[in-house]
Amino acid sequence: MSETDQRPLNLAPEGDVGYSVKRRDDGGMEIVFTKLSKETLEHWREFALAHLIDSDRLTRNLYDLRQIESLPEKAIQYAVEVNNDPSVRNIRLAVVVSNDDVLHAVKEIQALTTPGGVEMEIFTNIADAEAWLQRPLTLVV
């Protein structure tokens, strides 16, 4: 996908909000979290919900949580809310974790996500996550 074909990220610069976002070559997003403060979670929630509004094609997103030691309950609630939003469709979501606490919390999010709009998998390394994201849709069931 060329840069002219890529949609804007709609992320207003606000200093260190606790995560960074960059557009992936396939048009999806790579989101790297460095902290999960109340402000970070609220900012991410608004950002994520805003991006659902114009989602019109298969989107491959990678969430890198390797710098996060644990997910607060509010993070789980917001992620479940976003994943179950009625406008969610055609999203393939790879989540990369580095410890069991985050792994178990993301599994809880996965279990509470209604099937249909988000196809979500959890990984412990980026290479496996990238390989899964690039698989044809018919191979991911």
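Here's what I pulled together on the structure shown here.

Rules used in this analysis
- Residues numbered from 1 in each chain as written.
- Predicted model: local features only at pLDDT ≥ 70, side-chain atom pairs only at ≥ 80, totals over all residues.
- Heavy atoms only, no water.
- Axes fitted to C-alpha atoms, helices over the stretch in contact; angles between N-to-C directions.
- Helix = DSSP H or I, 4+ residues; strand = E, 2+ residues; numbered from the N terminus.
- Parallel < 35°, antiparallel > 145°, perpendicular 65-115°, else oblique.
- Left-handed = near helix turned anticlockwise from the far one by under 90°.
- Contact = heavy atoms within 4.5 Å.
- Nonpolar A, V, L, I, M, F, W, Y, C, P; charged D, E, K, R; others polar.
- Buried < 20%, exposed > 50% of the residue type's maximum accessible area, 1.4 Å probe, protein only.
- Pairing = 2+ DSSP bridges.

**Quick look at the packing of helix α2 (residues 73-83) against helix α3 (residues 100-112)**
Between α2 and α3, the shortest axis-to-axis distance is 9 Å and the interhelical angle comes to 30°. Between α2 and α3, the interaxial angle falls into the category roughly parallel. Remark: the crossing between α2 and α3 carries right-handed chirality. Across the interface between the two elements, Glu73, Ile76, Ala79, Val80 and Asn83 from α2 touch Ala105, Glu108, Ile109 and Leu112 from α3. Its residues assigned to classes, the contact of α2 with α3 comprises six nonpolar, one polar and two charged.

**Here's the deal with the environment of His51**
Along the chain, His51 turns up in helix α1 (residues 38-53). His51 sits in the buried class, given a relative accessible area of 10%. His51 sits 37 residues away from Val88 along the chain, and the two C-alpha atoms are 9.6 Å apart.

**As for the pairing of strand β1 (residues 19-23)**
A one-sided burial pattern is seen for β1, the buried positions being Tyr19, Val21 and Arg23 and the unburied ones Ser20 and Lys22. In the sheet, β1 pairs with strand β2 (residues 29-33) via five bridges, with the strands oriented antiparallel. Following the sheet pairing, Ser20 is matched in β2 by Val32. The hairpin formed by β1 and β2 contains five residues between the paired strands, and Gly27 there has a positive phi angle of roughly 100°.

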